[in-house]
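Fold and geometry: a report
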Amino acid sequence: MASIKKFQVTFDCAEPERVARFWCEVLGYVVPPPPAGFATWDEYKRSLPSEQQDAWFACSDPSGVGPRLYFQRVPEGKAAKNRLHLDVRVGTGLVGDERLAVLEAECARLVALGAVHVRTLLADGENESCIPMLDVEGNEFCID
């Protein structure tokens, strides 16, 4: 049997720290301490050549279970639909109106953080409700 591999999820973006801090709030992730010898991330960034400043940022699951999220600055903007997206599982085990209420409450919380509510997909007898959204740079994700 093959061993389970740890992995990180990498986001291409324009503003790595801004997007990382958004996802910290969405998922309850944390920003790790700055590298050894630096009191703050700002101090670390100031030590880098200007072209490397704000080039990346990362965050992690404080429990150590979820994958590390890595955000890297790229020059091009988002041009098409994501080929991969995150499903934020807030309604697991819930059905009907109870599920929809939890999804709508989470949607409102995320909109206040800068996310965009795309639409609400209501349960249809085959699938339960979910809410497609966009993060602060327009990357698609769903709450379900």
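Keep in mind that what you see is a predicted model, and the values were worked out from it rather than measured. The residue count restarts for each chain, going from 1 along the sequence in the order it is written. Local features in a predicted model are, by the rule used here, given only for residues with pLDDT of at least 70; side-chain atom pairs are given and counted only at 80 or more, and totals for whole chains, interfaces and linings are based on all residues. In computing side-chain values, all of the structure's heavy atoms are included and hydrogens and water are not.

1. So, empty space enclosed by the protein
Spelled out, the test is: Space inside and on the surface of the protein is sampled on a 1 Å grid over the protein atoms alone, with a cavity defined as a set of points where a 1.4 Å probe fits but cannot get out and a pocket as an open set with protein on both sides within 12 Å along at least 5 of 7 lines; lining residues have an atom within 4 Å of a point. Grid points are joined across faces, edges and corners, and a volume is the space filled by probe spheres set on the points. We count a stretch as a helix when DSSP gives it H or I for four or more residues in a row; a strand needs E for two or more, and each element gets its number in order from the N terminus. We call Asp, Glu, Lys and Arg charged. Ala, Val, Leu, Ile, Met, Phe, Trp, Tyr, Cys and Pro are nonpolar, and the rest, Gly among them, are polar.
The final tally for this structure, using the stated rule, is one cavity of 30 Å³ or more. A volume near 60 Å³ is recorded for the largest cavity. For the largest cavity, the full set of lining residues is Trp41, Tyr44, Lys45, Leu48, Gln52, Gln53, Asp54, Ala55, Trp56 and Phe57. Those elements that place two or more of their residues in the lining of the largest cavity are α2 (41-46) and β2 (56-59). With three residues, the top contributor of residues to the lining of the largest cavity is α2. Here the residues of the lining of the largest cavity are counted per class, giving six nonpolar, two polar and two charged.

2. What about the sheet that holds strand β6 (residues 131-134)?
How we decide: By definition, two strands form a pair when at least two bridges between them are found by DSSP.
Taken in spatial order, the four strands line up as β4-β7-β6-β5 in an open sheet, and their pairing is mixed. Since the sheet does not close on itself, it has two edges, and those belong to β4 (86-88) and β5 (116-117), each with one partner. Taken together, the three bridges between β4 and strand β7 (residues 140-143) define a ladder with parallel strand orientation. Note that in β7 the partner of Val88 across the bridge is Ile143.

3. Notes on the layout of surface pockets
Its boundaries defined by the atoms lining it, the largest pocket holds a volume of some 460 Å³. What lines the largest pocket is a set of 23 residues, among which Phe11, Asp12, Lys78, Asn82 and Asn139 lie closest to the centre. For the lining of the largest pocket, the secondary structure elements donating two or more residues are β1 (8-13) and β7. Residue contributions to the lining of the largest pocket peak at five residues, all from β1.

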